[in-house]
Amino acid sequence: MDRPIRVLVAKPGLDGHDRGAKVIARALRDAGMEVIYTGLRQTPEQIVSATIQEDVDVVAMSILSGAHNTLLPKVVELLKVENVDDVLVIGGGVIPDDDIPFLKEKGIAEIFTPGTPTSVTIDYIRANLKRK
Amino acid sequence: MDLAERLLQGDKRAVARLISMAENHDPEAVEILKSLFSKTGKAHVIGITGPPGAGKSTLTDKLAKAIRKEGKTVGIIAVDPTSPFTGGSILGDRVRMNDLSTDPGVFIRSMGTRGHLGGLSKATQAAVKILDIYGVDYIFIETVGVGQSEVDIAKNADTTLMVMVPGLGDDIQAIKAGIMEIGDVFAVNKADRDGAKRTAREIDMMLDFNHSDWRPPVQMVIAVDNEGIDELLGHLKDHKKHMEDTGKLQQRRTLNSRLEIIDLVQENLMRMILDKSKKEEMINQLAVDVAVRKTDPYTASESILKEI
């Protein structure tokens, strides 16, 4: 693939800061990806709309507030409604291990919890793109 | 249904995919643009440029909202720099435009410069055409934060809006050649800050030397507070009307088309010369030869040209 991977980095919900998302955005940038950064307090509708307009390969959502079980599946659901089936959806942030199987069942491909080296996320993205 | 048809029917995903294809040099995108080119030229294309942090994105957001109130539609192309080292980028202009994200009458696309200098990316022109065919009434192109000489935006827009802020230098900056020459409309943003009036006055003085029949207006705005936005939009519309009434819009578009044709010739020529892997080897070998002084760069470039 001789085009850069495009990633939407989004913060759904009401988190007060986006330090982690910015670290990830920066790491993906340094890995040669085009990162579309949307900032704090995004609704699932805004995330889906940006996903479509920006034609991204990956949606990476960071969430710290505890609302992950509601907001992350909602994004996957809305993407399905819009017939978007070639975008890899991943999540990260403060997410308890017990919730991860539920989120995966709902269509979030992988969850990266605090302490994950950024290289793991980068490798995962490169290996799991749905589009050539 | 193919992409061209979907684009004509107003499918946002077709718009998005076509822009990606244009960015990635997909020949199919060029074919589609060829077939639909006659449908372009309807939108008012407005370039927004200015130094980093001047408030270009915030201003774009507010102008787009003012246009939406009139029931018109908007396309926004926001360009941010690509790293010359890794090829990666952080495109952060959407942060200031979040409310517009779900508005069905707005389409926002972020683009990395991908190695292109001048404040835009190579595919910006294609993206403008795609949005024009899609059918928006206004297209804003927001450049990367510019310095003094990134004037590409003027080759791509009907109207160029130059966004300035107070405190960036004395009046000699205002009379320098380069970006200060391309503004059709000037906005002094953050007008509540010290020195804003002085900045506006300095720009005004520079414009007094302007001999064309359009005297660029200088509008004080506070973008975050939505102050001065309606007036600014009025100036942008006046400029387009002036250009239409005097026949200058056609002149400018002719000049810009000429530049675009030359650019495309250069681009295609470069691809012909450099893309062939055999020539790539040849160039690498010549580079080594030049570095060890076996040959000189002038002869080396001539021998590549002889190959075509």
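Residues numbered from 1 in each chain as written. Chains lettered and ligands numbered in written order. Predicted model: local features only at pLDDT ≥ 70, side-chain atom pairs only at ≥ 80, totals over all residues. Heavy atoms only, no water.

It is worth spelling out the packing of helix H2 (residues 12-23) of chain B against helix H3 (residues 27-36) of chain B at this point. All names here are of chain B. Their axes nearest at 7 Å, the elements H2 and H3 cross at an angle of 120°. Classified by the angle between their axes, H2 and H3 sit oblique to one another. As H2 runs across H3, the sense of the crossing is left-handed. On H3, the residues touching Leu-18, Met-21 and Ala-22 of H2 are Glu-28, Ala-29 and Ile-32. (Axes fitted to C-alpha atoms, helices over the stretch in contact; angles between N-to-C directions. Helix = DSSP H or I, 4+ residues; strand = E, 2+ residues; numbered from the N terminus. Parallel < 35°, antiparallel > 145°, perpendicular 65-115°, else oblique. Left-handed = near helix turned anticlockwise from the far one by under 90°. Contact = heavy atoms within 4.5 Å.)

This part is about the domain arrangement of chain B. Assigned domains within chain B: domain 1 (3-246) and domain 2 (262-307). Taking the mean C-alpha position of each, domain 1 of chain B and domain 2 of chain B sit 36 Å from one another. (Domains from an automatic or database assignment.)

Residue and element names in this part refer to chain A. Extensive coverage of strand E1 (residues 6-10) is indicated by the burial of five of its five residues. Across the two faces of E1 the burial is the same, with Arg-6, Leu-8 and Ala-10 and Val-7 and Val-9 all buried. In terms of strand pairing, E1 meets strand E2 (residues 34-37) through four bridges, oriented parallel. Residue pairing in the sheet places Val-9 in a bridge with Tyr-37 of E2. The parallel pair E1 and E2 is bridged by helix H1 (residues 19-30), and the resulting crossover is right-handed. Pairing geometry for E1 and strand E3 (residues 58-63), over four bridges, is parallel. The residue of E3 that forms the bridge with Ala-10 is Met-61. (Buried < 20%, exposed > 50% of the residue type's maximum accessible area, 1.4 Å probe, protein only. Pairing = 2+ DSSP bridges. Right-handed = clockwise from strand over helix to strand, strands pointing away.)

What follows is about the interface of chain B and chain A. In this complex, chain B contributes 28 residues to the contact, which on the side of chain A involves 30 residues. Buried surface at the junction of chain B and chain A, summed over both partners, amounts to about 2,300 Å²; 45% is from carbon and sulfur atoms. Considering only the surface of chain B that becomes buried against chain A, Arg13(B), Ile90(B) and Arg94(B) emerge as the three largest contributors, covering 24% of it. Taken together, the connections running from chain B to chain A amount to six salt bridges. A salt bridge links Arg114(B) to Glu34(A); the nearest nitrogen and oxygen atoms lie 2.6 Å apart. Across the contact surface, chain B and chain A share 20 residue pairs in polar contact (both at pLDDT 80 or more). (Buried area = accessible area lost by both parts, 1.4 Å probe. Salt bridge = Lys/Arg side-chain N within 4 Å of Asp/Glu carboxyl O. Polar contact = N/O pair within 3.5 Å; in protein donor to acceptor, adjacent residues only side chain to side chain.)

As a further point, take the sheet that holds E3(A). Backbone-to-backbone hydrogen bonds join strands into a sheet, with any given pair of strands oriented parallel or antiparallel. Across the sheet, which stays open at both edges, the six strands sit in the order E5(A)-E4(A)-E3(A)-E1(A)-E2(A)-E3(B) with parallel pairing between neighbours. This sheet does not close on itself; its edge strands, each paired only once, are strand E5 (110-112) of chain A together with strand E3 (89-91) of chain B. Strand-to-strand, the axes of this sheet are offset by a mean angle of 25°, without reference to chain direction. In the packing of helix H3 (residues 68-81) of chain A onto the sheet, contacts are made with E3, strand E4 (88-93) and E5 of chain A, and the angle to E3(A) comes to roughly 160°.

All names here are of chain B. Of all five residues making up strand E5 (residues 138-142), five are buried, and the element is well covered by its neighbours. Side chains Tyr-138, Phe-140 and Glu-142 of E5 all project onto a buried face; the interleaved residues Ile-139 and Ile-141 project onto the opposite face, where all are buried too. As paired strands, strand E2 (residues 74-80) and E5 are joined by five bridges and run parallel to one another. Note that in E5 the partner of Gly-75 across the bridge is Ile-139.

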